[in-house]
Amino acid sequence: MDAIDRKILALLQENGRLTVTELASRVGLSVSPCHRRLRELEAAGTIVGYRAIVDADALGLTFQALVFVTMRQEDRETLLGFEAAVAGIPAVVQAQRLFGDPDYLLRIVTADLAAYQRLEDDVLSALPGVQRLNSTLVMKHVVNDRPLPAPEA
């Protein structure tokens, strides 16, 4: 990966709707070499997809919680069952397995506190292997969906 590839990645993270012509112009290449590099970045798995970033508030999803999950047991079957169940909950917009305690961190988006309370009581607490849920409410986003930093050359 060279400086041009890093520039392509930076530009696409800022605006994934750039045409190949616009992208080529901004990185100083003609269209064909730029298109080839773009396809190579996609084929290598460096670019894993394109998406629109949607404002949660505009959809009425104004409540966010970070939920720390401590597991009762950590055998492979329980962890895989928990992870599969979490992947099927639309309100969980991010889930990460952690080293140490707690075992998982979930970022959850709902319409309001009542909707979150129902989700925790009816769904999250019943997930396989869950011993304890510890929720922290998000007050304000300081940095949100920032593009990844450019890798060092």
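Basis of the calculations
Residues numbered from 1 in each chain as written. Predicted model: local features only at pLDDT ≥ 70, side-chain atom pairs only at ≥ 80, totals over all residues. Heavy atoms only, no water. pLDDT = per-residue confidence, 0-100. Helix = DSSP H or I, 4+ residues; strand = E, 2+ residues; numbered from the N terminus. Core = buried A, V, L, I, M, F, W, Y, C linked by side-chain atoms within 4.5 Å. Buried < 20%, exposed > 50% of the residue type's maximum accessible area, 1.4 Å probe, protein only. Salt bridge = Lys/Arg side-chain N within 4 Å of Asp/Glu carboxyl O.

**Overview of the confidence of the model for the chain**
Here is step 1 of the chain: The pLDDT averaged across the chain works out to 94; a share of 99% of its residues lies at or above 70.
Here is step 2 of the chain: Averaged pLDDT values over the elements of the chain bottom out at 93 in helix 1 (residues 3-14) and peak at 98 in strand 3 (residues 104-110).

**Looking at the nonpolar core**
Here is step 1 of the chain: Counting 20 residues, the largest nonpolar core has Val67, Val69, Phe82, Leu106, Ile108 and Leu124 as its most contacted members.
Here is step 2 of the chain: The set of elements that each furnish at least two residues to this core consists of strand 1 (63-71), helix 4 (76-87), strand 3, helix 5 (113-122) and strand 4 (130-137).
Here is step 3 of the chain: The element best represented in this core is strand 1, accounting for 5 residues.
Here is step 4 of the chain: Grouped together as the second largest cluster of nonpolar side chains are 12 residues, Leu11, Leu12, Leu18 and Leu23 included.

**Concerning the pattern of salt bridges**
Here is step 1 of the chain: Counted according to the given criterion, the structure contains 5 salt bridges.
Here is step 2 of the chain: Linking Arg37 and Asp5 is a salt bridge whose minimum nitrogen-to-oxygen distance equals 3.0 Å. Taken together, the residues Arg37 in helix 3 (residues 31-43) and Asp5 in helix 1 connect sequence positions 32 residues apart. Here Arg37 matches Asp5 in class, with each residue buried.
Here is step 3 of the chain: With its nearest N and O atoms 4.0 Å apart, the salt bridge here joins Arg51 to Asp145. Remark: Asp145 occurs in the segment after strand 4 and Arg51 occurs in the loop between helix 3 and strand 1; sequence separation between them is 94 residues.
Here is step 4 of the chain: Counted as one network, the salt bridges with shared partners bring together Asp2, Asp5 and Arg37.

**Remarks on unusual backbone geometry**
Here is step 1 of the chain: The residue after Asp101, namely Pro102, is reached through a cis peptide bond having omega 5°.
Here is step 2 of the chain: Mapped onto the fold, Pro102 is located in the loop between strand 2 (92-97) and strand 3.
Here is step 3 of the chain: Phi at Asp145 is positive, roughly 50°, even though this residue is not glycine.
Here is step 4 of the chain: Assessed through its relative accessible area of 41%, Asp145 is described here as partly exposed.

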